[in-house]
There are 2 protein chains.
Amino acid sequence: MTRTVDWLHDAVELIDQTRLPQDEVVLRIDDVPTLVDAIQRLAVRGAPALGVTGGYGVVLAADAHDPVDDPERFQALVRTIREARPTAVNLGRGVDLALAAATSGRDAILAAAHALRDDEVEASWSMGILGADLVTDLVGRPATAMTICNTGGLACVERGTALAVIQELHERDQLIEALPLETRPLLQGGRLTTWELARMGAPHRLLVDAAAASVLARGLADVVLVGADRIARDGCTANKIGTLALALAAQYAGIPFVVVAPESTVDPDTATGAAIAIEDRAGDEVTAVRGIQIADPATRVLNPAFDVTPPELITAIVTDRRVVRIGRGDRLDTVAVGDRRAPAAPSRTVAN
Amino acid sequence: MTRTVDWLHDAVELIDQTRLPQDEVVLRIDDVPTLVDAIQRLAVRGAPALGVTGGYGVVLAADAHDPVDDPERFQALVRTIREARPTAVNLGRGVDLALAAATSGRDAILAAAHALRDDEVEASWSMGILGADLVTDLVGRPATAMTICNTGGLACVERGTALAVIQELHERDQLIEALPLETRPLLQGGRLTTWELARMGAPHRLLVDAAAASVLARGLADVVLVGADRIARDGCTANKIGTLALALAAQYAGIPFVVVAPESTVDPDTATGAAIAIEDRAGDEVTAVRGIQIADPATRVLNPAFDVTPPELITAIVTDRRVVRIGRGDRLDTVAVGDRRAPAAPSRTVAN
């Protein structure tokens, strides 16, 4: 299995991300309650991966109760998928997309879920290609790339966003080294990104988040590549906590800072970064690491989940359909969204 | 016991820092081998605390073998103290200082060790007072102060450096809140600074290092206070990894960034920051936390122990004998070192 989530032999297959990096366990799931459990305990995470998982979940619901003959029990089962993580927008979107085909029966649902999967795969390939082209243009030679959090295939279906660019550079022999930050508090960089980089055979060294500024200032990297949770119309980018610090460090070091995210991340309803609410998460994410207490559990904690980086600190935003070079005056509203994505090289596309 | 290390009833008493924050254990040590073991397993850490521990260790050696009657065995025992941590400069200095009194006998050694202890205590009080005066001058009202690593009494004898300023502000009712960073990889902020802040009753919230820039940019702090491992003649300051990122974030947020360290930290033999070598430490500090594996142990790691912050990013350097306001043009070579320290208020001095 090379994908985070896929449909194989009439079942959903998922890499259990809670077991990484220690164990690579592929879950084969053919009933809805087991899938709901996997979603709830974060065996699968990342917006695109959750969307595709939701879509395939509707197929499992249709296998249990025929959507045409027994719509009530089918719909009740589908609801349990959507409610597995109520705040995960993409999960609900994936469910809705598959559900729209329900009146045409189970095979139509499966076709809709496949289409969503393929769309995510195509988007990742396109971001990787456009991003790698940009990095080569900006750096002019093989590059060392710093990144934060996990933005790879594990968060998507395959390849990912910022990490897709690193993978593409590596496959073009244009990557000297990746420098993933561990990404406290949940350590997605240390646990997941290092695992993906090792799996793709890309040279890399892990850093604590606090080391980024110094390592960049010492000239040890050529470019910073990050993902995005939401991009406002003015280019303000909400992403994992630590991204703003990384952007300030890149500016200080005089190297490009590039945001890589699907076009769907650009939110036309959000005018500026100031309109993005900052979610504060539970303190025990900070006072304990993987179940081990590292500070008194009574300690009060300020644990913002993400931060907002203003466009002045961003060199370019790369989506699956365009490259917006903010650093030389482009804006999201002056660069048209492309009709087509960058196509993957034929030899590298994955068969359906 | 209110001091990290002290001499009480003919023995050394130490807070066992390896047990914090879970347990507050005071070790009572009256023989050299036990003291050497405590030093080696980092029960006591921090340059000033190690110096004083070394001084009292020489007293324990003199209790075992009279330095006048049996100088060879006395000196052999003293060597084991110095060699407990060969790279800890202050440990050797503390040993030498006490040893210089050895020909006058055991009580003279004890007096020399007491003098070193009292000197460190005085220096901490002075830094706290000068620093708190400066913060009040810069901020103009009660302040929220962000800090990194552990720069409190645990690293010294009592009060500390940057944390001494925070304690002084708190005692003057001029502290709104302290915002300690957890300080990966060794988590001195999460484990030790929160413990000290709780102990002094100062309101505080713990943050992951990566949250600092965003929290400062949101206007949630008024000043950043950090310690220093070494300060070059040009003001470049080597300190715990993450300090440079914090200085960049303070500049971006438009708030003062203040270095607090004893005058002895200013190294006349180091002209510029470029001359300061960066020590890379072992990767397992990053791939495991308190014994729990968080990344594949085979992962390559880049783990610089400290970074260098240039004077352009520093508002002021506060020592126990002067305040150098770099932000308004002062330099280390244009501001005289004071003859006297700021005296602690009489009611707050600690009896010998």
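Above this text is the structure in question.
Residues numbered from 1 in each chain as written. Chains lettered and ligands numbered in written order. Predicted model: local features only at pLDDT ≥ 70, side-chain atom pairs only at ≥ 80, totals over all residues. Heavy atoms only, no water.

A.B. asks: For this particular structure, what's the right way to read the sheet that holds strand E5 (residues 175-180) of chain B?
C.D. replies: Sheet strands line up and pair through hydrogen bonds in the backbone, either parallel or antiparallel. Residue and element names in this part refer to chain B. Taken together, the 6 strands give an open sheet; going across it, the order is E5-E4-E6-E9-E13-E14, and neighbouring strands pair in mixed fashion. Where the open sheet ends on each side, the last strands, each with one partner, are E5 and strand E14 (323-324). Alignment of strand E4 (residues 143-147) against strand E6 (residues 223-226), held across 3 bridges, turns out to be parallel. Within E6, the position partnered with Met146 by the bridge is Val224. (Pairing = 2+ DSSP bridges. Helix = DSSP H or I, 4+ residues; strand = E, 2+ residues; numbered from the N terminus.)

A.B. asks: Help me out: how do you make sense of the pattern of salt bridges in this one?
C.D. replies: Close approach of charged atoms allows side chains of opposite charge to pair. Residues and elements named next belong to chain A. Counted by the stated rule, this structure contains 60 salt bridges over all chains. Arg325 is the partner of Asp137 in a salt bridge, and the nearest nitrogen-oxygen pair spans 2.7 Å. Here Asp137 is found in helix H5 (residues 106-139), whereas its partner Arg325 is found in the segment after strand E14 (323-324), with 188 residues between them in sequence. Overall, Arg325 belongs to the buried group, its relative accessible area being 15%. Taken together, the salt bridges that share partners define one network made up of Arg3, Asp6, Arg117, Asp118 and Glu158. (Salt bridge = Lys/Arg side-chain N within 4 Å of Asp/Glu carboxyl O. Buried < 20%, exposed > 50% of the residue type's maximum accessible area, 1.4 Å probe, protein only.)

A.B. asks: What am I meant to see in the relation of the copies chain B and chain A here?
C.D. replies: Between the two chain copies there is a screw-like relation: a rotation about an axis and a shift along it. The two copies are related by a screw motion: chain B maps onto chain A through a turn of 180 degrees and a shift of 0.0 Å along the axis, at an RMSD of 0.0 Å. Such values leave the two copies arranged in the relation of a two-fold axis. Comparing interface residues between copies, 100% of those in chain B also lie at the interface in chain A; the contact surface is shared. (Least-squares fit on C-alpha atoms with pLDDT ≥ 70 in both. Contact = heavy atoms within 4.5 Å.)

A.B. asks: Hey, could you run me through helix H6 (residues 162-171) of chain B in this one?
C.D. replies: Each α-helix winds once per 3.6 residues, and so residues spaced three or four apart point in a common direction. Residue and element names in this part refer to chain B. With 9 of 10 residues buried, H6 lies mostly within the body of the structure. Those residues of H6 that are buried lie in contact with helix H5 (106-139), E4, E5, helix H7 (188-199), E6 and strand E9 (257-260). The positive-phi residue at the C-terminal boundary of H6 is Asp173, with phi of around 60 degrees.

A.B. asks: Help me understand the sheet that holds strand E2 (residues 11-15) of chain B, please; the structure alone is not making it clear to me.
C.D. replies: Residues and elements named next belong to chain B. Taken in spatial order, the 3 strands make up an open sheet running E1-E2-E3, and their pairing is antiparallel. Among the strands making up the open sheet, the edge pair consists of strand E1 (5-8) and strand E3 (26-29). Direction aside, the axes of adjacent strands within the sheet are offset by 25 degrees on average. In terms of strand pairing, E2 meets E3 through 4 bridges, oriented antiparallel. Within the sheet, the bridge partner assigned to Glu13 lies in E3 and is Arg28. Set on the sheet, helix H2 (residues 47-64) makes contact with E1, E2 and E3; between it and E1 the angle comes to about 30 degrees. (Axes fitted to C-alpha atoms, helices over the stretch in contact; angles between N-to-C directions.)

Any functional reading would require information that these geometric values do not contain.
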